[in-house]
Amino acid sequence: MTDDTTPDPDAAQAAIEYCYDRDWSDGLPLVPASQPLVDRFLATTTRNPDEVIGELEQVGRNCTVYLAAVNAAMAGCRPEYFPVVLAAFEALMRERAARGGGWQSTSGPAPMIVVNGPIRHELGFNTAGGAFGPGFRPNATVARAIGLIVRNAFGIRPHVLEQATQGLPGRWSICLAENEEESPWPPFATEGGQPEGASAVSATLLRTCEFVDNRHTPDPEQVLWDVADTISRTGSLIFKDTSAGVVFCPEHAQMLAGAGFSKQAVQEWLIEHCGRTGADLRRAGKNGLRGIARFADPDTAADGQFSRILPSRRHVPIVVAGARNAAISMVVRIFGEWSGTVIPIPPTPAKVTS
Amino acid sequence: MPNPILDPTGTTATAAKAQAPRAKRRKDLNGATVGLLVNTKQNAAPFLDEVGRLLAQRYGATVTMARTKVNFAAPAPEDLVKEMTTSCDVIITGIGDCGSCSASAVADGIAFEAAGLPAAAICSDAFRVTADAMADLQGAHGYRYATTPHPVAVLTPDQVRERAAVVLDDVVALLTT
């Protein structure tokens, strides 16, 4: 038997099914959003609910602050996460790939959101082990909110306007809170121009994440060679240039920093060493260039030539995340280019309780 | 009364789009100026070039303008549509061979129809659903376009020419009465 304070599971189930029936769900149950709940989301921002915060011209749809709040509520966010959702969405909409055809793409890219600053702890983001999830409500639901906005506000649904061939694991679930406490380097947001200690969000689209497990060498350069090999994988090379970030675990980051590598030095090392020979590329049918696209060229003249693939430091962003319990880092394959835009989280207008 | 469950799509407030206009068809392509709108996808340029060449050779059309869309994911910019509308009688656009570019090839076809030009969009047959969804979004439910079997990007030059020849009748049917 239940007392009066126990929620009604039958009503909850009926409400969840109501949402499924309307095709609003990403496959998992949604939190049915009511006006009082959404009002608490809207109270966390000074922005007008009708303000358009994202437009997808090619499909004639847009997202307002209000629609973002409804979708964030449905994703399971608490109201106080809403400023992070708004900042993440704004950061994504600054990305050329997300404004263009990214959401419709056969590559099915996943947003990667990076949160910096004190808001990580204020809202209970996971900043340590299992950085890529799952298990933590803020990380999981902020990322999911973006997916629901794309699905519902923009109307980009799988098999219809969304044409992902296979998609990728982690789509709508990657929200890293940088492990600033154990990183030897400045936070990602600081590199993006935010003052030290600022709460801020950046985001881009990923093609995939690939681990680099290297825990048995004390030589930082061997770790970098291992990272470079993963970055230089031919399967991921489609254009002349590529962009691949590295989410270093604290152990690798500290080892590198201990050997005198700044973030910039790591980036420069990777720019210098990432690439393939003409023979490697030819073997994979990617040695020719038509415009910027790689294609199979029978010409063997450049077989011995080494082609670098990372044109600038901006193409190899670095973040530190995860636990300090093993030397496992992640190469994150960026869809297009990461603008590196960092959106600060504005102060909350009033104390919000949930 | 319980609170209503809120709609996350925002579509109820959007007015239904008016039915998109369809341009008057030509009786035939004899003497017609054909515009080719190439979307930069692999093999799109040789494919459309060959369609244009065959239209000239077999139907007496004149290909006078080939233009390239800088951003294949988005519909063609207005000034490009205007430029081609001024100089051409019919438009062929493609190849819709990805999630966004198949949808936008159809959107371009519909935009040219609205500007008064018969247009034939060519898409890979793997993208029918997304092409149809875009047509619905543009108020052109049931919009007809030509398809060629997937894949297109890996075809050799000879195979591209064969494909162009195969799709030719459909293209002509789309552009004429």
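Here, the structure is the one placed above.
Sequence positions are assigned chain by chain, starting from 1 and proceeding in written order. To label them, take the chains in the order written and letter them from A, then take the ligands in the order written and number them from 1. In keeping with the predicted nature of the model, local features appear solely for residues at pLDDT of at least 70, side-chain atom pairs appear and are counted solely at 80 or more, and the whole-chain, interface and lining totals rest on all residues. Note that water and hydrogens are dropped before the side-chain values are worked out from all heavy atoms of the structure.

1. A look at helix 4 (residues 128–137) of chain B
All names here are of chain B.
And step 1. Note on exposure labels: buried denotes an accessible area under 20% of the residue type's maximum, exposed denotes more than 50%, and partly exposed covers the range between, all computed with a 1.4 Å probe on protein chains only. Counting from the N terminus, the helices are DSSP H or I runs at least four residues long and the strands are E runs at least two residues long. For helix 4, every residue scored as buried is listed here: Thr-130, Ala-131, Ala-133, Met-134 and Ala-135.
And step 2. Packing partners of the buried residues in helix 4 comprise helix 3 (99–114) and strand 4 (119–124).
And step 3. Of the residues trailing helix 4, Gly-139 is marked for its positive phi of about 75°. Any two residues whose heavy atoms approach within 4.5 Å are treated as being in contact.

2. Let's talk about the packing of helix 4 (residues 82–93) of chain A against helix 7 (residues 137–153) of chain A
Residues and elements named next belong to chain A.
And step 1. Where helix 4 contacts helix 7, the axes come no closer than 10 Å and their chain directions differ by 55°. When the interaxial angle is binned, helix 4 and helix 7 end up oblique. Helix 7 is crossed by helix 4, and the crossing has right-handed handedness. Packed against helix 4, whose contacting residues are Val-84, Val-85, Ala-88, Phe-89 and Leu-92, the element helix 7 presents Val-142, Ala-145, Ile-146 and Ile-149 at the interface.
And step 2. Tallied by class, residues from the contact of helix 4 with helix 7 come to nine nonpolar, no polar and no charged. Fitting a line to C-alpha atoms yields each axis, with helices limited to the stretch in contact; the angle taken between N-to-C directions then spans 0 to 180 degrees. Between 65 and 115 degrees an angle is taken as roughly perpendicular, under 35 as roughly parallel, over 145 as roughly antiparallel, and anywhere else as oblique. Handedness of each helix crossing follows the sense of rotation of the near helix against the far helix: counterclockwise by less than a right angle gives left-handed, clockwise gives right-handed. Residue polarity is assigned by list, with Asp, Glu, Lys and Arg as charged and Ala, Val, Leu, Ile, Met, Phe, Trp, Tyr, Cys and Pro as nonpolar; anything else, Gly included, falls into the polar class.

3. Structural notes on unusual backbone geometry
And step 1. A:Gly133 connects to A:Pro134 through a cis peptide bond whose omega is 0°.
And step 2. Looking along the chain, the bond that leaves B:His150 and enters B:Pro151 is cis, with omega of 0°.
And step 3. Following the sequence through the fold, B:Pro151 ends up in the loop between strand 5 (146–148) and helix 5 (157–175).
And step 4. Positioned with a positive phi, A:Asp23 is a non-glycine residue whose angle comes to about 65°.
And step 5. Of note in this structure, A:His159 is not a glycine but carries a positive phi near 75°.
And step 6. By the element assignment, A:His159 lies in the loop between helix 7 and strand 4 (174–177).

4. Quick notes on the packing of aromatic side chains
Any pair of aromatic rings gets described here by the distance separating the centres and the angle formed by the planes.
All names here are of chain A.
And step 1. Note on aromatic pairs: the rings of Phe, Tyr and Trp (six-membered ring only in Trp) are paired at centre separations within 6.5 Å, and the planes decide the class, stacked below 30 degrees, edge-to-face beyond 60, tilted for the rest. Under the criterion given, the structure shown has seven aromatic pairs over all chains.
And step 2. Here the aromatic rings of Phe-89 and Phe-154 are separated by 5.9 Å at their centres, their planes lie at 45°, and the arrangement is tilted. Here Phe-89 is found in helix 4, whereas its partner Phe-154 is found in the loop between helix 7 and strand 4, with 65 residues between them in sequence. Phe-154 shares its class with Phe-89; the two are buried.
And step 3. Note on Trp-185 and Phe-248: the rings are 5.9 Å apart at their centroids and 70° apart in plane angle, and the pair reads as edge-to-face. Taken together, the residues Trp-185 in the loop between strand 4 and helix 8 (188–191) and Phe-248 in strand 6 (residues 244–248) connect sequence positions 63 residues apart. Like Trp-185, the residue Phe-248 is buried in the burial classification.
And step 4. A cation over an aromatic ring shows up here: Arg-290 above the ring of Phe-295, its NZ or CZ 3.8 Å from the ring centre. Criterion for a charge above a ring: Lys NZ or Arg CZ within 6 Å of the ring centre, and within 35 degrees of the ring normal.

5. Notes on the interface of chain B and chain A
And step 1. Chain B puts 24 residues into the contact, and the matching count from chain A is 31 residues.
And step 2. A quick way to say it: buried area is the sum, across both parts, of accessible area lost when two parts are put together, with a 1.4 Å probe. The junction of chain B with chain A conceals about 2,100 Å² of combined surface from both sides, 64% of it contributed by carbon and sulfur atoms.
And step 3. Together, B:Ile5, B:Leu6 and B:Pro8 form the three largest contributors to the area buried by chain B at its contact with chain A, with a combined 33%.
And step 4. The term salt bridge refers to a side-chain nitrogen of Lys or Arg lying within 4 Å of a carboxyl oxygen of Asp or Glu. Taken together, the links from chain B to chain A amount to zero salt bridges.
And step 5. Any N or O atom pair separated by 3.5 Å or less is treated as a polar contact, with the protein-specific requirement of one donor-capable and one acceptor-capable atom, and with residues adjacent in sequence counted only for side-chain atom pairs. Linking chain B with chain A are five residue pairs in polar contact (both at pLDDT 80 or more).
And step 6. Broken down by secondary-structure element, the contributors of at least two residues to the side of chain B that touches chain A are helix 3 and helix 4 of chain B.

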